[in-house]
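Residue-level structure breakdown
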Amino acid sequence: MQESKAFLMLKLRRMGISNKEILGCIESLDRSDFVSKSFLDRCLEDIALPIDCGQTISQPSLVALMTQQLEIPQRSKVLEIGTGSGYQTAILGRLASRVYSIERYKILADTAKKRLEKLNISNVTVLLQDGFFGYSPQAPFDRIILTAAVEEIPSLVISQLKVGGIMIVPVGLPNQKQSLLKVVKNEKGLDITELMSVRFVQMKEGLVKA
Ligand code: SAH
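Given the structure is predicted, the values throughout are model-derived calculations rather than measurements.

Describing the sheet that holds strand β5 (residues 124-128)
Spatial ordering of the open sheet is given by β5-β4-β3-β6-β7-β8-β9, a layout of 7 strands whose pairing is mixed. This sheet does not close on itself; its edge strands, each paired only once, are β5 and β9 (189-198). Taking each pair of neighbouring strands and ignoring which way they run, the sheet shows an average axis angle of 15°. Here 6 bridges tie strand β7 (residues 161-171) to strand β8 (residues 178-186), and the two strands are oriented antiparallel to one another.

If you want it as structure tokens, here you go:
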């Protein structure tokens, strides 16, 4: 293992990422497969990096933390909103039985699809859709993760979460720090825990097909 990869893995363990499957995914996946050539030398740093369309690939430690908080059961159907580079999507694909990932930019969705195919991740469907609507044809989901920030939990999306399901979502106003929330749906309603403060790109309405 490269020295910088070993350093990243040590950092993740120190941060409390104890789930061996998640650590294994991050160790085996090459982040350089998910960024443009100009950032290849920075892939092993624990930082967010720019991708096309003014978006970002999240920091590996945040991806690990969000994934761990999702507590993905082996047999589960997961909805991701905000495919972006496809890096988080690939990890979800390795942990869940079925993943639906929604992206509003055609270029990003197409590129992520190709990357996942190349890695033989075949249980993931990338959809060019507006994530505010969730994905009703496959609802309800066992787990839902949003990788773009919303001002409030989108009602259509939360309605597509199973009772007993978990949603991880950054909530906050544009250009401000957001709170990463863990939302557990139970029979009586939602049980919400604030995990940490984060900074994600804002979720926007509508598709960009050009
Ligand atoms: N997990 C991704 C993060 C990408 S940034 C990664 O690590 O690469 C967030 C993504 O959410 C962006 O690609 C952005 O285009 C997408 N997004 C924003 N609003 C959206 C919406 N309404 N529907 C679907 N995707 C959306």
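Describing the site of the ligand
Taken together, 23 residues form the shell around the ligand, and within it Ser58, Ser85, Glu103, Gly131 and Lys204 come nearest. Here glutamate 103 contributes a side-chain N or O atom positioned 2.6 Å from an oxygen atom of the ligand. Note that a nitrogen atom of the ligand is positioned 3.4 Å from one of the side-chain N or O atoms of threonine 147. The site holding the ligand turns out to be the largest pocket.

With respect to empty space enclosed by the protein
The final tally for this structure, using the stated rule, is 1 cavity of 30 Å³ or more. If you add up the space inside the largest cavity, you get close to 30 Å³. Taken together, Lys5, Leu8, Leu29, Arg31, Cys43, Leu44, Pro60 and Tyr87 make up the full set of residues lining the largest cavity. Its residues assigned to classes, the lining of the largest cavity comprises 6 nonpolar, no polar and 2 charged.

Concerning the environment of aspartate 110
By the element assignment, aspartate 110 lies in helix α5 (residues 106-118). Sequence separation between aspartate 110 and lysine 177 is 67 residues, and the spatial gap between their C-alpha atoms is 30 Å.

Quick look at the environment of leucine 8
Looking at the element boundaries, leucine 8 is found in helix α1 (residues 3-14). Not counting the four nearest positions on each side in its chain, leucine 8 is found in contact with Ile26, Leu44, Asp46 and Pro60.

A few points about the packing of α1 against helix α2 (residues 20-28)
Between α1 and α2, whose axes approach to 10 Å, the crossing angle comes to 160°. It follows from the interaxial angle that α1 and α2 lie roughly antiparallel. The crossing of α1 and α2 is right-handed. In this structure, α1 uses Lys5, Leu8, Met9, Leu12 and Arg13 to contact α2, whose residues at the interface are Leu23, Ile26 and Glu27. Looking at the contact of α1 with α2 residue by residue, the class counts come to 5 nonpolar, no polar and 3 charged.

How each quantity is defined
- In this numbering scheme, every chain counts its residues from 1 along its sequence in written order.
- Side-chain atom pairs in this predicted model are given and counted only at pLDDT of 80 or more, local residue features only at pLDDT of at least 70, and totals for whole chains, interfaces and linings cover all residues.
- Only hydrogens and water are set aside when side-chain values are computed; all heavy atoms of the structure are taken into account.
- Here a strand pair is declared whenever DSSP counts at least two bridges between the two strands.
- A helix here means a DSSP run of H or I that spans at least four residues, while a strand means a run of E at least two residues long, and both kinds are numbered starting from the N terminus.
- Between the N-to-C directions of two axes lies an angle of 0 to 180 degrees, each axis being a line fitted to C-alpha atoms and, for a helix, fitted only over the stretch in contact.
- The nearness test applies per residue and asks whether one of its heavy atoms lies within 4 Å of the molecule or strand.
- We define a polar contact as two N or O atoms separated by no more than 3.5 Å, with the added condition that, inside protein, one atom must be a possible hydrogen donor and the other a possible acceptor, whereas residues neighbouring each other in sequence contribute only through side-chain atom pairs.
- With a 1 Å grid laid over protein atoms only, a set of points is called a cavity when a 1.4 Å probe fits there but cannot get out and a pocket when it is open yet has protein on both sides within 12 Å along at least five of seven lines; lining residues have an atom within 4 Å of a point.
- Pocket or cavity membership: a molecule qualifies when more than half of its atoms sit within 2 Å of the grid points of that site.
- Grid points are joined across faces, edges and corners, and a volume is the space filled by probe spheres set on the points.
- Polar here means any residue other than Ala, Val, Leu, Ile, Met, Phe, Trp, Tyr, Cys and Pro, which are nonpolar, and Asp, Glu, Lys and Arg, which are charged; Gly is therefore polar.
- In this analysis, two residues are considered to be in contact whenever any of their non-hydrogen atoms come within 4.5 Å of each other.
- Should an angle lie under 35 degrees it is considered roughly parallel, over 145 roughly antiparallel, and from 65 to 115 roughly perpendicular; all remaining angles are considered oblique.
- What makes a crossing left-handed is the near helix being turned counterclockwise from the far one by less than a right angle; a clockwise turn instead makes it right-handed.

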